[in-house]
Amino acid sequence: MSSIDAQLATWREFVSAGGTLDRDDVDELESHLREQIDELEALGLRADEAFLVAVKRVGTVDALTREFAREHSGRLWKQLVLMGDGDDAGGRGSWLDAVLFAGGAALAAHVVRLIAGFPDDESMWLGRNLAFVVLPFLVAYFAHRRGLGARHWAVLAGGIAAVAVLINVYPYRAESATELLVALHLPVLLWFVVGVAYLGGEVWSRERRMDFVRFTGEWFIYYVLIALGGGVLMALTMLVLSPLGPEMPDLVAEWVLPAGIPGAVVIAAWLVESKQRVIENMAPVLTMVFTPLFAVMLAGAAIVHAVTGLAGAFDRELLAGFDALLVVVLGLVLYGMSARDPSAPPGWMDRMQLVAVVSALALDLMVFGTMVVRIGELGLTPNRVAALGLNLVLLVNLAGAAWWSTQFLSGRTTFHRLEQWQTTYLPVFAGWIAFVVLAVPPLFLFG
C-alpha cells in the first residue's frame, strides 16, 4: 500500500467513525480527494503535500477533518486545518507569550530612543536601525511559536546580526542617499526574515508561502485597526490630562507612542494567529470592495496617460508615487489570491483582478520607459537604480501574473498554477531588497 493509500485509509476510517456521513458519501468524498491529489501532483506537489492540500479543500467535513488533525497531529497538518482555533492560556504562542514579546519590543524601543536622544536629536542612525528594534522580536515570537530548534534560532539570529553589523559599519557620507535607501528598504528585508520564522522551516513549500502572504495582509488589517483604536485612546488621554499642564500631551506622546507602535506589531501577529476565523470573513469582503475600485482607477489612469502623452512627463515625485501604487496593487492582488478558494471556477472577481494587473502592467511599462530615458540623460544614482530595479522586478511579476490569469480564465490551467507563479517569485523580491540594502551603498561609495 502506498503512503497516500495509507493516509486515505486512515482519513476514511476517521471520517466514517464520525457518524454523520454514510458509506456512499465517504466514497464520493474519497473520489474527490483522489482527483484533487492527482491534479496537485501533476502541478508539481509531492504526494504528501497534495494529500494535505486536498483534505484542506474538503469543506463539507471541516469539523471532522479538524478533529482528525488533532488525533493525527503531523505538524503541517495542524498548520493547514487547526490554525485559527485560538491559543491555550499557557501554550506556546499564547496571549501571555505575545504580551511578553510585545513588551520586549516596547522596552527596546524606549532604550534605543533614549540612547539616540529622540525626539530632541533626530539622528539618522535611529531611522536606519528602527527595524532592528521591532522586527527581531516578531521573528523570535514566531520561532518560539513554531517550536524551532537551536539551529534555526542560530541561523535567524546570525543573519539579523550580520545585516545589522554590516549596515552600521558602512561609512555613509553626510546626507547620504544610500543611507536613506537602507532605512526605507531594511524593514521589508526583515519582514522576509519574519516570513522564514513564520514558515517554521518549510520555506520551500509554495502553499506555506501563500499562507505567509495571507498572514501579511491580515496582519496589516489588524495593525491598522489597532493603530486607529490607539489613536483615539491617545487623543482622549491627552484631553483628560491637559489640565495638569501644557506639556502633558507631549509627554504622553513621547512615552506611549514609542512603546505602542512596536508592541502592536507583535500583538497584531498574535491576533492573526488566534483569531483567524474572524479575519477570514473580512478578507473576501475587502478584496471584493477594493479590487474593482483599483481596477477601474488603474485602467482609467493607463488610458489617460497613454492617450494624452503624459507618460513622458513623469517627474521624480510622480514616479515614486506610481511605484508605491504598483506595490499596493501587487499586495492587493496577492491578498485577494490568498483569500480565494483555489478549487473554485473562474469568476468575475478573477476578471477584475486581470484588469487591475494588465492596467498596472501598462503603467509600469510607461514608468519603466521614462526611467530608462532619465537615466540615459542624467546618469545612474542610487535612487534611480533602486527605482529602476523595483520597476523591472514588478514588470516581470505582473507580466507573469497576466499570462497565467489569462490561461486560468480561458480554462487552459488551474488557479494553482497562478498561485505557484506568485509564491515562486517571492524570493526575487527578497533578493532585490537585499541587493539595495547590502550592495547599493558600496557600489555608490556610500554617497
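In case you missed it, the structure is sitting above this.
Structure report, in brief.

Analysis parameters
Residues numbered from 1 in each chain as written. Predicted model: local features only at pLDDT ≥ 70, side-chain atom pairs only at ≥ 80, totals over all residues. Heavy atoms only, no water. Salt bridge = Lys/Arg side-chain N within 4 Å of Asp/Glu carboxyl O. Helix = DSSP H or I, 4+ residues; strand = E, 2+ residues; numbered from the N terminus. Buried < 20%, exposed > 50% of the residue type's maximum accessible area, 1.4 Å probe, protein only. Expected span 1.5 Å × (residues − 1). Bend = angle between axes of the 7 residues up to and from the residue. Phe/Tyr/Trp six-rings, centres within 6.5 Å; stacked < 30°, edge-to-face > 60°. Lys NZ or Arg CZ within 6 Å of the ring centre and 35° of its normal. Contact = heavy atoms within 4.5 Å. Core = buried A, V, L, I, M, F, W, Y, C linked by side-chain atoms within 4.5 Å.

Quick look at the pattern of salt bridges now. Within this structure, the stated rule accounts for five salt bridges. Residue Glu273 is joined to Arg145 by a salt bridge in which the shortest nitrogen-to-oxygen separation is 2.6 Å. Placement of the pair is Glu273 in helix α11 (residues 248–274) and Arg145 in helix α7 (residues 124–145), with a sequence separation of 128 residues. Comparing Glu273 with Arg145, the two get one shared label, buried. Among the salt bridges present, the one from Arg214 reaches Asp211, with a minimum N-O distance of 2.7 Å. Here Asp211 and Arg214 lie together in helix α10 (residues 206–241), a separation of three residues that amounts to about one turn. The two residues Arg214 and Asp211 agree in class, both being buried. Three or more residues are tied together by salt bridges with common partners; here these are Arg145, Arg146 and Glu273.

The next point concerns helix α9 (residues 177–199). The end-to-end C-alpha separation of α9 is 34 Å, in line with the 33 Å expected for 23 residues at 1.5 Å each. At His185, α9 shows its strongest bend, of approximately 35 degrees, with the proline Pro187 following within four residues. Looking one or two residues past α9, Gly200 carries a phi angle of roughly 65 degrees, positive in sign.

Our next topic: the packing of aromatic side chains. Counted under the stated rule, the structure contains 19 aromatic pairs. Judged by centre distance (6.5 Å) and plane angle (75 degrees), the rings of Trp403 and Trp404 are edge-to-face. Under the relative-accessibility criterion, Trp403 is labelled partly exposed at 49%. Between Trp421 and Tyr425, the ring centres sit 5.3 Å apart and the planes meet at 35 degrees, which makes this aromatic pair tilted. With Trp421 and Tyr425 both in helix α16 (residues 415–438) and four residues apart, the pair spans about one turn of that helix. Owing to a relative accessible area of 8%, Tyr425 belongs among the buried residues under this scheme. Note that Arg113 overlies the ring of Trp255, its terminal NZ or CZ placed 4.6 Å from the centroid. One Lys or Arg, Arg417, reaches over the ring of Trp404 and ends 4.1 Å from the middle of that ring.

Let us look at the environment of Ala295. You can see Ala295 is positioned in helix α12 (residues 276–308). In this view, Ala295 contacts Met352, Val355, Ala356 and Ser359; residues no more than four positions away in its chain are not counted.

Moving on, we come to the nonpolar core. With 52 residues, the main nonpolar core has Leu138, Phe142, Leu186, Phe215 and Trp219 as its most contacted residues. Elements supplying a minimum of two residues to this core: α6 (95–116), α7, α8 (150–169), α9, α10, α11 and α16. Looking at this core element by element, the count peaks at 12 residues for α7. Look past the residues within four positions of Phe215 in its chain and what remains in contact with it is Phe142, Trp191, Tyr198, Ala269 and Val272. Counting residues in each nonpolar core, the second largest holds 47 residues, with Ala302, Ala402, Trp404 and Trp432 among its members.

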